[in-house]
Amino acid sequence: MKTRYVKRHVRAFWLFVAPCLLLFSTFFLIPLGLSVGFSFTNYDGWKVMNFIGLANYKELFADTKFYQSLGRTFAYTLFSLPFKVIIPLLIASLVTSKRVKIKALARTLTYIPSLLSALVVGITINWMFSAEYGLVNYVIQVLGGTPLQWALNPKLATFVISFASNWASTGFYMVIFIGGLNNIPQEMYEAAAIDGSTTMQTFLRITIPMLAPTTFLVTLLSTVNLLKEYALVQGITQGGPGLNTTFIIQFIFDKGFNQMQYGYASAISLVVMVVFAFIAFVQFKFSNGGDR
Amino acid sequence: MKKVSTILLMVLLLSSMVFAAGTKEAASTGPQVLKVMLSEEPSSEDALLNTMKQWAAETGNILDVMVIPYEDQLTKFPLMARNNDLPDLLTTTRLSRLYPDEFLDMTEYFDMSIFEKMAVEIIVQDYKSSKKPILPQQFTITNVYYNKDAFARAGLTAPTVEKPWTFEELEKNAILLKEKGGVKYGMAMDASRARYDNLMYAHGGSMVEKDGASFNVTINSPQNIATLQKFIDWNNKFMPKAIWAGGTTDNPADYFKNGDVGIYFSGSWNYNSFYNQIKNFKWGVMPSPVGKSASAILGGSGLGVPAKAKNKDVAISFLKWFYTKENFQQYLNRDKGLSSLVGVTYSPSDAQVAEDYKVLQSEVGKVTYAFSVDESSMWRNYYDNEYRDAMKQAVNGDLTAAKALNDFAALLSKKSGWGLKY
């Protein structure tokens with residue numbers, strides 16, 4: 001009787017797991033396995049595929065452009081990450097505050113950019129920051145200033161991508177923070193008010209600590225998304241000026257799909273995956289997995 | 001019972017065979033679908049698409065057009081081939097060179113002598129076998145456009161076919177145009193390797209040179225380094241630097257159309273759209289400047305039929321129709337371009353277009369031997385993007401001209417197995 005019960009449980013387990021396992025295998029495990037296999041070949045994406053051992057990895061570790069693009073990716077991530085977390089947190093705090101009016105409209109307007117595709121975001125940002133016919137430079141000129149070289153200055157070009165990325169994701173992270181804020185017990189705020197806590201003290205000593213799991217989630221998601229930034233770069237700067245905004249995913253894409261070095265691109269992808277996983281692991285360790 | 005079952009099964013089989021034959025018969029007699037892959041979004045004036053529509057209207061067949069840009073074709077075509085979902089006909093510049101085995105051999109269907117020899121040589125780019133996987137469709141040449149109004153404001157007279165400018169004159173006048181012509185940039189150039197390569201050839205340089213049956217890499221020759229340095233200086237002085245340094249998705253053709261550029265290095269493929277779209281200033285075509293020699297680069301796209309296409313017969317029947325003198329003439333009149341078909345030429349009725357067309361035709365004679373050698377090496381199959389990246393970094397000031405070309409030469413040599421001359 002017990003055996004039948006266990007069997008039914010096992011069957012139920014697999015029935016519940018099956019859809020997820022199928023999707024996870026199709027979109028992650030099988031491509032990962034293929035990628036590992038390709039990384040030891042000179043696969044050109046179609047016809048040529050010879051086993052070449054560790055040649056791709058040897059080439060990769062001697063490739064200065066790989067290190068440069070990885071370095072740029074880290075610099076971009078470190079620069080953008082604080083904005084990715086702080087801006088949505090502040091907006092979420094504002095749109096959940098009792099003192100703020102038209103909250104629903106503010107939330108909707110903030111969330112709308114999250115619904116846009118990266119392509120549309122790219123076009124919109126180009127329209128704003130184009131060096132020749134951009135709105136921002138036009139306004140600067142109208143105000144008597146000198147137009148900025150958005151496309152020629154590496155720092156400004158990186159800023160534009162970061163701005164676009166933040167603009168497009170703030171709404172999404174705001175929603176996550178709103179969820180976190182709404183879960184903080186009101187009694188804590190009431191107790192703080194009775195104790196004479198100022199708004200800033202309450203925010204720093206109650207809201208921020210109580211939001212730790214949410215902040216960890218937003219930080220982790222933002223980090224991974226920033227490290228993987230591709231579509232916006234392609235739509236705004238195409239990796240320029242020079243190679244100053246060529247991040248690691250664009251580097252992989254270029255090797256794989258433009259130069260048809262699928263084997264080499266697979267090797268880079270695997271190394272990058274390990275690096276990214278390590279970063280996520282460090283984040284987990286430092287924040288104790290988001291536990292308060 | 002067994003007999004009845006056997007008889008029933010036979011009847012079923014026979015009826016299904018008859019039904020299948022009937023369906024096939026019906027399919028071959030009814031309107032057929034021609035699935036076409038174009039490489040860019042066609043405008044309402046697009047010559048090829050309008051000619052295809054004319055064919056569809058005349059034959060009653062159906063046109064199914066999909067647009068996959070050049071850069072995406074490289075990834076999409078192999079996927080389509082693997083999934084047996086290939087178009088019946090496609091326009092391409094590169095796929096047939098990378099995957100000649102995947103296309104029908106057009107010599108089995110066409111007498112290649114009906115095409116201009118140079119168009120076949122340049123567009124089909126068949127250097128390793130006698131197979132012709134595509135047929136020349138749009139035959140283009142690099143050329144120089146100029147803003148007539150800006151020239152008038154700067155007190156400049158455009159050069160003529162008989163007396164083209166030198167590069168020194170070009171530089172001097174581009175500066176003058178920026179100062180007095182009322183344009184933001186004296187000169188602009190498409191962010192295309194081929195446009196820059198004209199400078200290289202005109203200054204006596206080349207990408208490679210013949211070494212028996214093989215090649216030597218010469219891209220980092222002293223004259224090439226000097227040419228790149230000159231180009232970097234031009235970008236800093238009177239060109240929209242962001243175009244060549246990267247960092248923008250802007251198209252310099254738009255700058256020219258907006259009247260912000262005095263002299264624009266592009267190609268004949270832009271003529272039709274300029275003709276239809278530029279209304280607020282006068283413009284024209286001028287001969288390209290001359291250095292040690294003159295240089296122009298021929299190019300264009302071809303029409304190919306994938307060997308595993310479902311309706312390849314329909315594609316062939318379209319091509320037979322398209323390459324008749326009468327239909328090709330109509331296409332050419334719409335395209336306002338160079339002809340790739342012997343005995344068919346574009347004769348513009350508009351006097352200004354006729355004048356520009358003469359200049360365009362004169363550019364054809366400027367194609368250099370060095371360009372032919374470079375093309376025959378098929379070096380682009382190796383490191384085309386790396387070359388572009390080297391140029392971007394040099395123009396942006398991240399690398400010196402010498403470092404950019406030396407590094408690229410070393411990469412090309414390693415990848416191709418060719419020796420380094422410098």
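Residues numbered from 1 in each chain as written. Chains lettered and ligands numbered in written order. Predicted model: local features only at pLDDT ≥ 70, side-chain atom pairs only at ≥ 80, totals over all residues. Heavy atoms only, no water.

Caption draft 1: Inspection of the overall build of chain B at higher detail. Counting its regular elements, chain B contains 18 helices and 11 strands. Split into buried and exposed, the 422 residues of chain B put 55% on the buried side. Taking contacts inside chain B between residues at least 6 apart in sequence as the whole, the part at least 24 apart equals 76%. For chain B, the exposed area adds up to about 18,300 Å²; of that, 54% sits on carbon and sulfur atoms. Taking the average place of the 46 positive charges on the side chains of chain B and the average place of its 47 negative ones, the gap between the two points comes to 3 Å. (Helix = DSSP H or I, 4+ residues; strand = E, 2+ residues; numbered from the N terminus. Buried < 20%, exposed > 50% of the residue type's maximum accessible area, 1.4 Å probe, protein only. Contact = heavy atoms within 4.5 Å. Areas by Shrake-Rupley, 256 points an atom, 1.4 Å probe, with all protein chains shown as cover. Lys, Arg positive; Asp, Glu negative; His and termini not counted. Charge placed at Lys NZ, Arg CZ, Asp CG, Glu CD.)

Caption draft 2: The arrangement of the confidence of the model for chain B in detail. All names here are of chain B. Summarising the model, chain B shows a mean pLDDT of 89, and 92% of its residues fall at 70 or more. Averaged pLDDT values for the elements of chain B fall to 50 in helix 1 (residues 2–29) and rise to 98 in helix 6 (residues 148–154). Considering only residues more than four positions removed or in separate chains, one finds that residues 16–27, a stretch of pLDDT under 50, has one contact. (pLDDT = per-residue confidence, 0-100.)

Caption draft 3: How the structure looks around helix 3 (residues 64–96) of chain A. The first and last C-alpha atoms of helix 3 of chain A sit 48 Å apart over 33 residues, in line with the 48 Å expected at 1.5 Å per residue. At A:Ser80, helix 3 of chain A is deflected by roughly 35°, the largest bend along its length, and proline A:Pro82 occurs up to four residues later in sequence. (Expected span 1.5 Å × (residues − 1). Bend = angle between axes of the 7 residues up to and from the residue.)

Caption draft 4: Here's a closer look at the sheet that holds strand 11 (residues 419–420) of chain B. Residues and elements named next belong to chain B. Taken in spatial order, the three strands make up an open sheet running 6-7-11, and their pairing is mixed. The open sheet terminates on both sides in strands that have one partner only, identified here as strand 6 (208–211) and strand 11. Sheet analysis places strand 7 (residues 214–217) next to strand 11, joined by two bridges and oriented parallel. Each residue of the ladder has a partner; that of Val 217, found in strand 11, is Leu 420. (Pairing = 2+ DSSP bridges.)

Caption draft 5: Molecular detail of the domain arrangement of chain B. All names here are of chain B. According to the domain assignment, chain B contains domain 1 (31–140 + 300–356) and domain 2 (142–298 + 366–420). Distance between the C-alpha centres of domain 1 and domain 2: 28 Å. Contacts between domain 1 and domain 2 engage 20 residues on the former and 19 residues on the latter. Together domain 1 and domain 2 conceal approximately 1,900 Å² of surface at their shared face, both sides included; 54% is due to carbon and sulfur atoms. At the boundary of domain 1 and domain 2, one finds zero salt bridges. Run the count over domain 1 and domain 2 and you get six residue pairs in polar contact (both at pLDDT 80 or more). Only helix 4 (95–98), helix 5 (117–124), strand 4 (134–147), helix 14 (325–335) and helix 15 (351–364) provide two or more residues apiece to the side of domain 1 that touches domain 2. Within the side of domain 1 that touches domain 2, the residues separate by chemical class into seven nonpolar, four polar and nine charged. (Domains from an automatic or database assignment. Buried area = accessible area lost by both parts, 1.4 Å probe. Salt bridge = Lys/Arg side-chain N within 4 Å of Asp/Glu carboxyl O. Polar contact = N/O pair within 3.5 Å; in protein donor to acceptor, adjacent residues only side chain to side chain. Nonpolar A, V, L, I, M, F, W, Y, C, P; charged D, E, K, R; others polar.)

Caption draft 6: Just the side chain of B:Asn216, in detail. Of note, B:Asn216 is situated in strand 7. Ignoring anything within four residues of it in the chain, the contact list for B:Asn216 reads B:Met207, B:Val208, B:Glu209, B:Asp211, B:Gly419 and B:Lys421.

Caption draft 7: Up close: the pattern of salt bridges. The tally for this structure, following the rule as stated, stands at 13 salt bridges over all chains. Measuring nitrogen to oxygen at the nearest pair gives 2.8 Å for the salt bridge that ties A:Lys65 to B:Glu386. Of the two residues, A:Lys65 sits in helix 3 while B:Glu386 sits in helix 17 (residues 380–396), which places them in two different chains. Under the relative-accessibility criterion, A:Lys65 is labelled partly exposed at 22%. B:Asp254 serves as the salt-bridge partner of B:Lys257, at 3.9 Å between the closest nitrogen and oxygen. With a gap of three residues between them, B:Lys257 and B:Asp254 both fall in helix 11 (residues 252–257), about one helical turn apart. Among the charged side chains, a network of salt bridges with common partners joins A:Lys65, A:Lys255 and B:Glu386.

Caption draft 8: Spotlight on the packing of aromatic side chains. Under the definition given, this model contains 56 aromatic pairs over all chains. When the ring of B:Tyr196 is compared with that of B:Trp244, the centres are 6.2 Å apart and the planes differ by 55°; the resulting orientation is tilted. Remark: B:Trp244 occurs in helix 10 (residues 241–245) and B:Tyr196 occurs in helix 8 (residues 193–202); sequence separation between them is 48 residues. A network of ring pairs unites the aromatic residues B:Trp55, B:Phe110, B:Phe115, B:Phe318, B:Trp321, B:Phe322, B:Tyr323, B:Phe328 and B:Tyr331 as a single cluster. A:Lys47 extends its terminal NZ or CZ atom over the ring of A:Trp46, reaching a point 4.7 Å from the ring centre. The lysine or arginine in question, B:Lys320, covers the ring of B:Phe110, its NZ or CZ lying 4.6 Å from the ring centre. (Phe/Tyr/Trp six-rings, centres within 6.5 Å; stacked < 30°, edge-to-face > 60°. Lys NZ or Arg CZ within 6 Å of the ring centre and 35° of its normal.)

Caption draft 9: Here's a closer look at the packing of helix 8 (residues 186–194) of chain A against helix 9 (residues 199–210) of chain A. Residues and elements named next belong to chain A. Direction vectors running N to C along helix 8 and helix 9 enclose 165°, while the axes themselves pass 11 Å from each other. The angle between helix 8 and helix 9 places the two elements in the roughly antiparallel class. The element helix 8 and its partner helix 9 pack so that their crossing is right-handed. Facing Met 188, Tyr 189 and Ala 192 of helix 8, the residues of helix 9 in contact are Thr 202, Ile 206, Thr 207 and Met 210. (Axes fitted to C-alpha atoms, helices over the stretch in contact; angles between N-to-C directions. Parallel < 35°, antiparallel > 145°, perpendicular 65-115°, else oblique. Left-handed = near helix turned anticlockwise from the far one by under 90°.)

Caption draft 10: Quick look at unusual backbone geometry. Omega for the bond connecting A:Gly240 with A:Pro241 falls within 30 degrees of zero, at 0°, which places this linkage in the cis form. With respect to the helices, strands and loops of the structure, A:Pro241 is situated in the loop between helix 11 (231–236) and helix 12 (248–258). Phi is positive for B:Asn84, which is not a glycine, with a value near 50°. You can see B:Asn84 is positioned in the loop between helix 3 (70–82) and strand 3 (89–92).

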